Amino acid sequence: MTERVYGVTPPISTALPTEVEKRHNDNLARELRSQGTFETPAGVASREQVLRSLEAIVDEFVRRAAREKEPKNTILIRDAHGRVFTYGSYRLGVYGPGADMDTLVVAPKYVTVDQYFNIFPDLLVEMAPPGAITDLTPVPGAFVPIIKFEFSGISIDLIFCSIQTLKQLPAEKEWNLQDNSLLRGLSENEVRSLNGTRVTDEILNLVPEPATFKLALRAIKLWAQRRAIYANIMGYPGGVAWAMMVARVCQLYPKATSSVVVNKFFHLLWKWPWPLPVLLKDIEYGLSVTRVPVWNPKIYSSDRNHRMPIITPAYPSMCATHNVGKSSMAVIQQELAIGAEVTDEIMVGRRPWKDLFTKHSFFTTGFKYYLTVISSSRTKEAQNTWSGFVESRVRVLVGKLEMHQSIGLARPFNKGYDRVHRCRNDNEIEEVQCGSLAYVVKDEPTDGQPKTEAKPEIKTEDGAPPTPKVGEANGTAVVKGEHGDAAVKLEDVPEHTQEFEIYTTNHYIGLQLAEGAKSLDLSREVNDFKAMCTSNEIFDKELMFLTIQHIKNTALPDDVFEPGEVKPSPPMKKKKRAADEDMKKPPNKRAADEEMMKPLSKRQQMTPPKRQQPTSAAPAATAAR
């Protein structure tokens, strides 16, 4: 009996693992556990209970939708039920503490997306244990409509799809979504909703040893997160893309341990002949169940533009890395090269596995200059919408920067920094909108309404608050109490001031200038980006604001650095003689750093720093290759 061949090519090696490789694998597993990548038994049980609760709520939701659709059809209502499927890291079995649960509600054809948003949120709160549902945020306007919430402390992203070919869903527990005919009659966003689960199941079916794949994937996920190259929305591979890359390596080394798969992963992907796509199976063409296009660079010019195509195995196949741009790909390739070097040393016993998971140096040594995109709002609800929209467009700004002849690399950080600020007047609000952190607060944000804060209340001897008499003099006031008058200082009389909470999200882009660049004017790119964002229908000029500034590494806020990290410091001052010589220079000449730090709104001219050669400790890739 011949062994099954996984993937689109024969394996590179079918050698069995050596004893040394097994020991390296045991060490890898221990390191991943020490890094906290595995969920606790209590956490596993809690997630399973949440899923059981969601299944009961979804069944009731479908029954109510059926009753609303055909109130007299008792058989339809009696047999109505829905299904809950997971996808992503939870379904792959590689989730850890605090991880989101990506979840899909599947319903029969008569249940509409409008009913999903009109009925389900209230029903969720009604049927869940009291207080279990928090941060409930329906997002009906998203490309894939979604309801976000926390259920007993577990973050849930819940999407929806109704199967247009089924009047009722099958009752069998083993029923799944792998049948391509289930896509018939669905729109593109509905196909994408269903394909989250379909792709995850296909990946698991296409790897030789699921346990080997899962341990290796945990390692690669942790590495990508630590190196800040994990976020589809910011132009890096997301979770499913990293999973497919690991799965392809497993196909090529079907008998290898997870430790060997990790080492081969770096070597293979670093030297991969892009734009040759990564495929787990042959792409299916010619099926007529949906009008959603299948990835095909021979037909579609947009597909030919994909720099790093990693193709989903479920029909219709799509590119999971269409957001990867020139800079992010350069960064990924450099990180892969570093990973190959580190794991080579690990496999010969010269370094421990923890060295693979060292944190990025994006803020510490990565760049000298940064752009920061600041979205801000007057309410928390508005900021949730506005910051999410701006985040989804940051990679568009990065693309514009990459096209500038003076920019060699524009690397976006893979996440934003949310802050809450408490301001007392319009001037302070404007400062916050322009990037000031002078009014940031660390306590729990409120609903964004004006707050009233008073000084500690001064009371009379009987405990009653003082009531100032008219005609205060000499800095005192006479106040009445039930047992007589008393004099208090005016500064001790409570003063009530209104405070407003402003919500901001900062996204940082590291800039590296091209070799030989003399200056850099970003006014066009910045203004085009701001116009694109503020012209969208979700923008509310009374509530939402957008600012873009550039800052030096020495001016980065403290909260982007973790304990133990060293914040870049300004260069030491020149000696007095050099300072005296500088005083003699014409006053109209400015230092390059001074030019770099001028506000974008006033001047867009930036003089490039001297080019520095990257080291293995710095994640920023060089622009020239």
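Residues numbered from 1 in each chain as written. Predicted model: local features only at pLDDT ≥ 70, side-chain atom pairs only at ≥ 80, totals over all residues. Heavy atoms only, no water.

As recorded by an unreviewed UniProt entry, the protein chain carries the name Poly(A) polymerase and is attributed to Podospora didyma. The annotation that UniProt attaches to the protein chain under Catalytic activity (unreviewed entry) is "RNA(n) + ATP = RNA(n)-3'-adenine ribonucleotide + diphosphate". (UniProt positions renumbered as here; feature names shortened; annotations may be inferred.)

Draft legend 1. Broad picture of helix 6 (residues 188-205). Helix length check: helix 6 (18 residues) gives 24 Å between terminal C-alpha atoms against 26 Å at 1.5 Å per residue, within 8%. The sharpest bend along helix 6 comes to roughly 40°, located at Asn-195. In this structure, the buried residues of helix 6 make contact with strand 1 (83-87), helix 4 (89-92), strand 2 (101-107), strand 5 (154-162), helix 7 (210-226) and helix 8 (239-252). (Helix = DSSP H or I, 4+ residues; strand = E, 2+ residues; numbered from the N terminus. Expected span 1.5 Å × (residues − 1). Bend = angle between axes of the 7 residues up to and from the residue. Contact = heavy atoms within 4.5 Å.)

Draft legend 2. Region of the structure containing the confidence of the model for the protein chain. On average, residues of the protein chain score 86 in pLDDT, and 83% of them are at 70 or above. Here residues 444-473 scores under 50 on pLDDT; set against residues more than four positions off or in separate chains, the count is 68 contacts. The low-confidence segment residues 601-625, where pLDDT is below 50, has 75 contacts with residues more than four positions distant or belonging to other chains. (pLDDT = per-residue confidence, 0-100.)

Draft legend 3. Seen up close, the pattern of salt bridges. Tallied over the entire structure, the rule returns 21 salt bridges. Put simply, Lys-567 and Asp-558 hold a salt bridge, and the shortest N to O gap is 3.0 Å. Residue Asp-558 is classed as exposed on the basis of its relative accessible area, which comes to 58%. (Salt bridge = Lys/Arg side-chain N within 4 Å of Asp/Glu carboxyl O. Buried < 20%, exposed > 50% of the residue type's maximum accessible area, 1.4 Å probe, protein only.)

Draft legend 4. Summary view of the packing of aromatic side chains. The full count for this structure, using the stated rule, is 28 aromatic pairs. Residues Tyr-116 and Phe-117 carry aromatic rings whose centres are separated by 5.1 Å and whose planes lie at 70° to one another, so their mutual orientation is edge-to-face. Aromatic pair Trp-386 and Phe-539: ring centres 5.1 Å apart, planes at 45°, arrangement tilted. Placement of the pair is Trp-386 in helix 13 (residues 380-402) and Phe-539 in the loop between helix 15 (523-534) and strand 15 (544-552), with a sequence separation of 153 residues. Take Phe-539: its relative accessible area is 22%, and that puts it in the partly exposed class. Site record: aromatic cluster; members linked through ring pairs are Phe-362, Phe-363, Phe-367, Tyr-370, Phe-413, Tyr-417, Tyr-508 and Phe-561. For Arg-33, the ring lying beneath its charged end belongs to Phe-38, and the centroid distance is 4.0 Å. In this arrangement the basic side chain of Arg-218 is found over the ring face of Phe-38, its NZ or CZ atom lying 4.0 Å from the centre. (Phe/Tyr/Trp six-rings, centres within 6.5 Å; stacked < 30°, edge-to-face > 60°. Lys NZ or Arg CZ within 6 Å of the ring centre and 35° of its normal.)

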